[in-house]
Amino acid sequence: QVQLVVSGGGLVQVGGSLILSCVASGRTFSNYVMGWFRQAPGKEGEFVAGIIWSSGGTYYANSVKGRFTISRDNAKNTVYLQMNSLKPEDTAIYYCAAGYLVRSESRPSDYASWGQGTQVTVSS
């Protein structure tokens, strides 16, 4: 059973940076895609970034491209989301997800396992 443990959220000022971590366990993740999603109050959840574990190929939502970077550390079974130049609209609960043989990296239903959320608040 896949387990995902998320850490690293918090309060940051506009223009600041945060890094989120997602420690994965319970499987060999070589055929997995790892994704970060977020949900702001009163809004639908949205895809943020994804990474193919085996190749390191990455995908980003247009809203975060150039500001966020997703990466993984194979030795630590950990996926990171480095968030720079944060904006108030980045305020949300962020979730890590793992999907096996994902067809669409941005589609939440393709991910079977989800970690607990972590709150990111960007203050102006």
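The model shown is predicted, which means the values in this text are computed figures rather than measured ones.

What counts and how
Residues numbered from 1 in each chain as written. Predicted model: local features only at pLDDT ≥ 70, side-chain atom pairs only at ≥ 80, totals over all residues. Heavy atoms only, no water. Core = buried A, V, L, I, M, F, W, Y, C linked by side-chain atoms within 4.5 Å. Buried < 20%, exposed > 50% of the residue type's maximum accessible area, 1.4 Å probe, protein only. Helix = DSSP H or I, 4+ residues; strand = E, 2+ residues; numbered from the N terminus. Disulfide = S-S within 2.5 Å. Pairing = 2+ DSSP bridges. Axes fitted to C-alpha atoms, helices over the stretch in contact; angles between N-to-C directions. Salt bridge = Lys/Arg side-chain N within 4 Å of Asp/Glu carboxyl O. Phe/Tyr/Trp six-rings, centres within 6.5 Å; stacked < 30°, edge-to-face > 60°.

A. Quick peek at the nonpolar core. Ranked by size, the top nonpolar core spans 37 residues in total, and within it Met34, Trp36, Leu81, Met83 and Tyr94 carry the most contacts. Elements with a contribution of two residues or more to this core: β1 (3-7), β3 (18-25), β4 (32-39), β5 (46-52), β7 (68-73), β8 (78-83), β9 (92-100) and β11 (118-123).

B. Expanded view of the state of the cysteines. Inspection of the entire model under this criterion finds 1 disulfide. Residue pairing for Cys22: its cysteine sulfur links by disulfide to Cys96, the two sulfurs lying 2.0 Å apart. Around the S-S axis, the bridge from Cys22 to Cys96 shows a dihedral of about -75 degrees and counts as left-handed. With a gap of 74 residues between them, Cys22 in strand β3 and Cys96 in strand β9 connect regions that are remote in the sequence. This pair shows no difference in class: Cys22 is buried, exactly as Cys96 is.

C. View of the sheet that holds β3. Read from one edge to the other, the open sheet built from 4 strands follows the order β1-β3-β8-β7, with strand pairing classed as antiparallel. The open sheet has two edge strands with one neighbour each: β1 and β7. Averaged over all pairs of adjacent strands, the angle between strand axes in this sheet comes to 15 degrees, irrespective of strand direction. Sheet topology places β7 next to β8; 6 bridges connect them, and they run antiparallel. Among the inter-strand pairings, Ile70 is bridged to a residue of β8, identified as Leu81.

D. Highlighting the pattern of salt bridges. Under the counting rule described, the total for this entry stands at 4 salt bridges. One salt bridge in this structure joins Asp90 and Arg67, with 2.7 Å as the shortest N-O distance. A residue pair is termed long-range when its members are at least 10 positions apart, and Asp90 in the loop between β8 and β9 and Arg67 in the loop between β6 (58-60) and β7 qualify at 23 residues. Here Asp110 makes a salt bridge to Arg107, at a shortest N to O gap of 3.0 Å. On the basis of relative accessible area, Asp110 is assigned to the buried category, the value being 17%. Among the charged side chains, a network of salt bridges with common partners joins Arg38, Glu46, Arg67 and Asp90.

E. Main features of the packing of aromatic side chains. Taken as a whole, this structure holds 7 aromatic pairs when the rule is applied. Arranged with centres 5.5 Å apart and planes meeting at 35 degrees, the rings of Phe29 and Trp53 form a pair that is tilted. Here Phe29, found in the loop between β3 and β4, pairs with Trp53, found in the loop between β5 and β6; they are 24 residues apart in sequence, far enough to count as distant. Consider the rings of Tyr32 and Tyr100, whose centres lie 5.4 Å apart with planes at 55 degrees: the pair is tilted. Residue Tyr32 is located in strand β4, and its partner Tyr100 is located in strand β9; the two are separated by 68 residues in the primary sequence. Taking relative accessible area as the criterion, Tyr32 reaches 9% and is therefore assigned buried. Put simply, the rings of Phe29, Tyr32, Trp53 and Tyr100 touch in pairs and so form one group of aromatic residues.

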